[in-house]
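For reference, the chains in residue letters:
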Amino acid sequence: MIAFGLVLFTVMIAQSILLLVPIIKRMQFDDLCYQYSARILRNEKSHEQDEQIFTNELEDEGLLNVNCSFQVDLTDEPYAVVISADYPIQYIGSDLSMKEVMLPLNFKIVSMKMENQENAH
Amino acid sequence: MALIIVSASMMLMIPVAVFMIKHASDFALTARQDKIIELCLIDAENMNVQEVNEDNTIKFLPDEDTASNLQSALYTNLYSNNLSLCHPIVELEQVNYVDEYGQEFILPEVNVRVANYSYLPTRFLASASRVIEPDFLSCEYVED
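From a predicted model like this one, the values you see are computed outputs, not experimental measurements. (Residues numbered from 1 in each chain as written. Chains lettered and ligands numbered in written order. Predicted model: local features only at pLDDT ≥ 70, side-chain atom pairs only at ≥ 80, totals over all residues. Heavy atoms only, no water.)

Engineer: Just give me the short version of the overall build of chain B, but keep the residues and values in it.
Structural biologist: Regarding its fold elements, chain B presents two helices and five strands. Within chain B, the fraction of its 144 residues that count as buried is 39%. Taking as baseline every contact in chain B between residues at least 6 positions apart, the subset at least 24 positions apart corresponds to 54%. Accessible surface, chain B: about 8,700 Å² in total, of which carbon and sulfur atoms supply 56%. (Helix = DSSP H or I, 4+ residues; strand = E, 2+ residues; numbered from the N terminus. Buried < 20%, exposed > 50% of the residue type's maximum accessible area, 1.4 Å probe, protein only. Contact = heavy atoms within 4.5 Å. Areas by Shrake-Rupley, 256 points an atom, 1.4 Å probe, with all protein chains shown as cover.)

Engineer: Can you explain the interface of chain A and chain B? Please cite residues and give values.
Structural biologist: Listed as interface residues are 31 residues of chain A and, on the opposing side, 34 residues of chain B. Carbon and sulfur atoms make up 72% of the area that chain A and chain B hide from each other, which totals about 3,100 Å². When the area that chain A buries against chain B is broken down by residue, the three leading residues are M27(A), Y34(A) and M112(A), summing to 21%. On the surface where chain A and chain B come into contact, there are two salt bridges. (Buried area = accessible area lost by both parts, 1.4 Å probe. Salt bridge = Lys/Arg side-chain N within 4 Å of Asp/Glu carboxyl O.)

Engineer: Help me get a handle on the packing of aromatic side chains, residues and values and all.
Structural biologist: With the rule as written, the count across this model stands at four aromatic pairs over all chains. Measuring from ring centre to ring centre gives 6.4 Å for Y36(A) and F70(A), while their planes differ by 20°; the resulting arrangement is stacked. Remark: F70(A) occurs in strand β1 (residues 64-70) and Y36(A) occurs in helix α1 (residues 2-42); sequence separation between them is 34 residues. Ring plane angle 20° and centroid distance 6.3 Å describe the contact between Y75(B) and Y79(B), whose orientation is recorded as stacked. Placement of the pair is Y75(B) and Y79(B) together in helix α2 (residues 64-80), with a separation of four residues, close to one helical turn. Exposure remark for Y75(B): the relative accessible area of 36% places this residue in the partly exposed category. Site record: aromatic cluster; members linked through ring pairs are Y36(A), F54(A) and F70(A). Cation over ring: R39(A) sits above Y36(A), and NZ or CZ is 4.6 Å from the ring centre. (Phe/Tyr/Trp six-rings, centres within 6.5 Å; stacked < 30°, edge-to-face > 60°. Lys NZ or Arg CZ within 6 Å of the ring centre and 35° of its normal.)

Engineer: So what's going on with the state of the cysteines? Residues and values would help.
Structural biologist: Here the structure, examined in full by the defined rule, presents zero disulfides over all chains. Cysteine C33(A) shares no disulfide, and the gap to the nearest cysteine sulfur, in C68(A), comes to 8.7 Å. Judged by relative accessible area, which is 0%, C33(A) ranks as buried. Take C86(B): it sits in no disulfide, and the sulfur closest to it among the cysteines is that of C40(B), at 13 Å. C86(B) sits in the buried class, given a relative accessible area of 3%. (Disulfide = S-S within 2.5 Å.)

Engineer: So what's going on with the environment of L41(B)? Which residues, and what values?
Structural biologist: Residues and elements named next belong to chain B. Take L41: it is sitting in helix α1 (residues 2-47). Separated by 87 residues in sequence, L41 and A128 place their C-alpha atoms 8.6 Å apart. Discounting residues that sit within four places of it in the chain, L41 has contacts with V110, V112, A128 and R130.

Engineer: Tell me what's going on with α2(B), and back it up with residues and numbers.
Structural biologist: Since there are 3.6 residues in each turn of an α-helix, residues three or four apart along the chain are aligned in direction. Residue and element names in this part refer to chain B. Here α2 is 17 residues long and its end C-alpha atoms lie 24 Å apart, about the 24 Å a rise of 1.5 Å per residue gives. If you check which residues of α2 are buried, you get T66, A67, N69, L70, A73, L74, N77, L78 and S80. N82, located one to two residues past α2, shows a positive phi value of around 60°. (Expected span 1.5 Å × (residues − 1).)

Engineer: Quick one: what's the story with the sheet that holds strand β3 (residues 98-110) of chain A, residue by residue and with numbers?
Structural biologist: All names here are of chain A. Taking strand neighbours across the sheet as the criterion, the three strands line up as β1-β2-β3 in an open arrangement whose pairing is antiparallel. Taken across any chain shown, the strands that pair with only one partner, and hence form the sheet edges, are β1 and β3. Across this sheet, the average inter-strand angle for adjacent strands is 15°, counted without regard to direction. Bridging between strand β2 (residues 79-92) and β3 involves 13 bridges; their strand directions are antiparallel. Residue pairing across strands places I83 opposite F107, the latter belonging to β3. Packed onto the sheet, α1 meets β1, β2 and β3 and runs at close to 165° relative to β2. This element, helix α2 (residues 48-60), spans β1 and β2 of the sheet and lies at about 155° to β1. (Pairing = 2+ DSSP bridges. Axes fitted to C-alpha atoms, helices over the stretch in contact; angles between N-to-C directions.)

Engineer: Got a sec to walk through the side chain of K25(A)? Specific residues and values, please.
Structural biologist: Residue and element names in this part refer to chain A. For K25, the position within the fold is in helix α1. We classify K25 as buried; its relative accessible area is 11%. When neighbours within four sequence positions are excluded, K25 is seen to be in contact with E61 and Y87.

This is a description of form; function is not addressed.
So this is what it looks like as structure tokens:
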């Protein structure tokens, strides 16, 4: 009974830590997205090189299927920044085995310029 | 005895784990809101325009229309980042600003608060304010 209690206790601790990992990863992802978005909103330049650097940086953080697009011309595309990626998270299943699911992470930012354009139409 | 200790520690662990996850999630939510607000304020700074009225007085923007656009952009940003239960409130105030040469200006200050409807009563987790300075304040005077 004590052994069972200890196993359950360990599983709960491990599960709590595993549940906190996606929250921390989400904050890391948002932080990187914020840094690049701020740079893009401040400077209106070509962002092709930025896209590649940013994609590599996210992949180094362990994210998969990274897709990002930084727009300068907002006439066709409503979003100035669109970033999507997947993060493989692990959790303990009901049979006490490790299971893996993909956590989709998305980040989208519109610029006030787009809102102005919509109002002008 | 051991059984009582294990049961008691488990009963204690459950609320502690829930408390930890809830607070970590609140912290992450506020951090996300803060970042989105900050991006919108950077965008507002880029608007940084001024108009000269007929009586040669300078009208600084953002004005109420710009604040409305900012609120709309902020709402879209919160919604598209899965923060749809958060509602932004953008208000404008005027602040006195004295530059390094002693000249006084009245500048607009944008105040943003984000109401979070997932709490009852509604709570404001994130807020920020920024004085929008026109371009010429960052320029240096050139002596003849």
